[in-house]
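The lines below spell out each chain.
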Amino acid sequence: MGMDRPRNWLGVRTTILLPVLVAVLSFVTGVVNISAVSISGPLGDLIPRSIQRTAGFTGALTGFTLLVSVVGLRRRLRIAWYATIVLLPVAAVQGLVQNSAVTLPFVGPVPSSAVSIPLVVLSLISLPAMLLNRRRFDRPIDLSTAQLAAGAALLGSLMYGTAGSYALRDDFTNLSTATDAFYYTLVTASTVGYGDVTPQSQQAKLFGMSVVVLGTASFAIALGSLLGPAIEKRLSEALGNMTDAQLDLLENHVLVLGHGDLTEPIIEELTGAIDFVVITPDTETATRLQQQDIAVLTADPSDEEPMQRAGIEDAVAVVAATNDDAQDALAILTAQTLNPEVNIVAAATDRENIEKLRRAGADTVISPAVLGGHLIVQSALGREGMENIADHLLDVNDEDDADI
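The shown structure was predicted, so the numbers you read here are calculated from the model rather than taken from an experiment. (Residues numbered from 1 in each chain as written. Predicted model: local features only at pLDDT ≥ 70, side-chain atom pairs only at ≥ 80, totals over all residues. Heavy atoms only, no water.)

Turning to the overall build of the protein, a few remarks are in order. When its secondary structure is counted, the protein shows 16 helices and 9 strands. Out of the 404 residues in the protein, the part that is buried amounts to 41%. Taking as baseline every contact in the protein between residues at least 6 positions apart, the subset at least 24 positions apart corresponds to 66%. A total of about 21900 Å² of accessible surface is found on the protein, and carbon and sulfur atoms cover 62% of it. (Helix = DSSP H or I, 4+ residues; strand = E, 2+ residues; numbered from the N terminus. Buried < 20%, exposed > 50% of the residue type's maximum accessible area, 1.4 Å probe, protein only. Contact = heavy atoms within 4.5 Å. Areas by Shrake-Rupley, 256 points an atom, 1.4 Å probe, with all protein chains shown as cover.)

Spelled out as structure tokens, the structure:
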């Protein structure tokens, strides 16, 4: 499996990008139709105005929900895949309903097909891409105890506020339905408090205070559970670690196992040519590489877990080129076990270790010392072309050649 094989255009990144475009178009189409004064065109007379208005509102909501699903897709969650599979046809139908001419205030007739037709087309294109990459989105939701508690607290406080305010509806102004009760609970717990629904009796006021305390507390806990992963991400970046979301998007990439003197020129060659990730146990090295916008994972390069996190099953090649042949052999053995099809290239510091690295699983073993010695001897013997080969390997530019 060579490094020059074509990229998979229907890989994870493309599969995630398509729903993002659908979400944006769905939101824009919905906003355009919500703000329309009237709708006419091929479907204008066939679809009731109320349905068209509803399609505009729900279209914007579908776009926002799709963006939330995309966040789950980046983590390769199976539930996000199911949600996207359901939302894409919904977006297509909404785009079809809104495919007509709208009259905007101060603008006049505007064809909404400019965004609704691409919405329908992209929604239909996204479905096969999602189905083809189904196996890549296989992770269950892994919620911590704190996150589960935060969700339960938020849900419980909203249920408490809605049921209680509806039961006391006669003691509130402008509160007569369950929707009004939920509205009051939501704006109170979120500390928005428009003041359009107010308690009138002492009992209602006491209940309102309890909603404020329980609601704001549950919202704070939920917010903390959401901010926790963001803080963890910043700490990971400070320590030179890639986040899980970044690792999940790796495919058709190269794994560089370990870091040594030979690794720096390898990184220079890989930069801009192909995606790659460096696995090194050295925290200082990892931090330095992270500051250079190089994907890095701080871990033992011979362990299975970091290789699996770095997506070795989707890698096109593995490179092991540190100054420690024994460590490289262990890393190569692990990589070959996890993905027997991956192309493994190793650099042997000592000549006698070349065959050992091959037996460990390396497909190609290069000894920089042997190669350098060969070039020096051939150049000393006057063999033609050796100087050009050496200059190419050392990246000597044409201006330097002219000065020699």
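This part takes up helix α6 (residues 178–189). In an α-helix, one full turn covers 3.6 residues, which means residues spaced three or four apart are oriented alike. Along its 12 residues, α6 runs 16 Å from first to last C-alpha, staying within 8% of the 16 Å computed at 1.5 Å per residue. Listed in full, the buried residues belonging to α6 are A181, Y184, T185, V187, T188 and A189. Immediately beyond the C-terminal end of α6, within one or two residues, lies T191, with a positive phi of roughly 65°. (Expected span 1.5 Å × (residues − 1).)

Our focus in this paragraph is the pairing of strand β7 (residues 317–320). With burial as the criterion, each face of β7 is covered, one bearing A317 and V319 and the other bearing V318 and A320. The pairing of strand β4 (residues 254–257) with β7 spans 4 bridges and is parallel. Residue V256 lies in a different strand from β7, and its bridge partner there is V319. For β7 and strand β8 (residues 343–347), the ladder comprises 4 bridges, and the chain directions are parallel. When the bridges of β8 are listed, V319 appears paired with V345. In this view, the connection linking β7 to its parallel neighbour β8 by way of helix α12 (residues 325–338) has right-handed handedness. (Pairing = 2+ DSSP bridges. Right-handed = clockwise from strand over helix to strand, strands pointing away.)

Now for a nonpolar patch on the surface. Among the surface-exposed residues, V24, F27, V28 and V31 lie close enough to one another that they form a single nonpolar patch of about 310 Å² accessible area. Here V28 shows up in helix α1 (residues 12–34). (Patch = residues over 30% accessible without salt bridge, like charges linked within 9 Å, V, L, I, M, F, W, Y side chains within 5 Å. Salt bridge = Lys/Arg side-chain N within 4 Å of Asp/Glu carboxyl O.)

A sheet is described by the order of its strands in space; here 6 strands give the open sequence β6-β5-β4-β7-β8-β9, paired in parallel fashion. Single-partner strands in this sheet number two, and they are β6 (296–298) and β9 (364–366). Between one strand and the next, the sheet's axes are offset by a mean angle of 20°, whatever the strand orientation. (Axes fitted to C-alpha atoms, helices over the stretch in contact; angles between N-to-C directions.)

Quick look at the nonpolar core now. In this structure, L255, L257, I279, V318 and I332 are the most contacted members of the largest nonpolar core, which totals 25 residues. When neighbours within four sequence positions are excluded, V318 is seen to be in contact with L255, L257, I312, A335, V342, N343, I344 and V345. If you look at the next biggest cluster of nonpolar residues, it comprises 22 residues, including V12, A80, A91 and L122. (Core = buried A, V, L, I, M, F, W, Y, C linked by side-chain atoms within 4.5 Å.)

Attention shifts here to the UniProt feature "transmembrane region" (unreviewed entry) in the protein. Listed under "transmembrane region" (unreviewed entry) in the UniProt record, and renumbered for this structure, are residues 12–34, 54–73, 80–101, 113–133, 145–168 and 206–227. For the annotated span residues 145–168, helix accounts for 96% and strand for 0% of the residues, and the straight-line distance between the end C-alpha atoms is 34 Å. (UniProt positions renumbered as here; feature names shortened; annotations may be inferred.)

In the predicted model, the protein carries a mean pLDDT of 79, and 74% of its residues have values of at least 70. Within the protein, no element has a lower average pLDDT than helix α16 (residues 398–403), which sits at 42, and none a higher one than β7, at 93. Predicted confidence for residues 1–7 stays below pLDDT 50, and this span has 17 contacts to residues more than four positions away or in other chains. Here residues 396–404 scores under 50 on pLDDT; set against residues more than four positions off or in separate chains, the count is 3 contacts. (pLDDT = per-residue confidence, 0-100.)

Here we come to the side chain of S157. Structurally, S157 is set in helix α5 (residues 145–167). For S157, a relative accessible area of 10% puts it in the buried group. Apart from the residues within four sequence positions on either side, S157 is in contact with T185, L214, G215 and S218.

For N174, which is not a glycine, the phi torsion comes out positive at approximately 60°. Among the secondary structure elements, N174 is positioned in the loop between α5 and α6. Of the residues examined, N174 reaches a relative accessible area of 59% and is grouped as exposed. At T191, a residue that is not glycine, the phi angle is positive and equals roughly 65°. Relative to the assigned elements, T191 resides in the loop between α6 and α7 (202–238).

A few words now on the side chain of T84. With respect to the helices, strands and loops of the structure, T84 is situated in helix α3 (residues 78–97). Using a relative accessible area of 0% as the deciding quantity, one classes T84 as buried. Those residues in contact with T84 that sit more than four places away from it in its chain are P19, L66, S69, L73 and M130.

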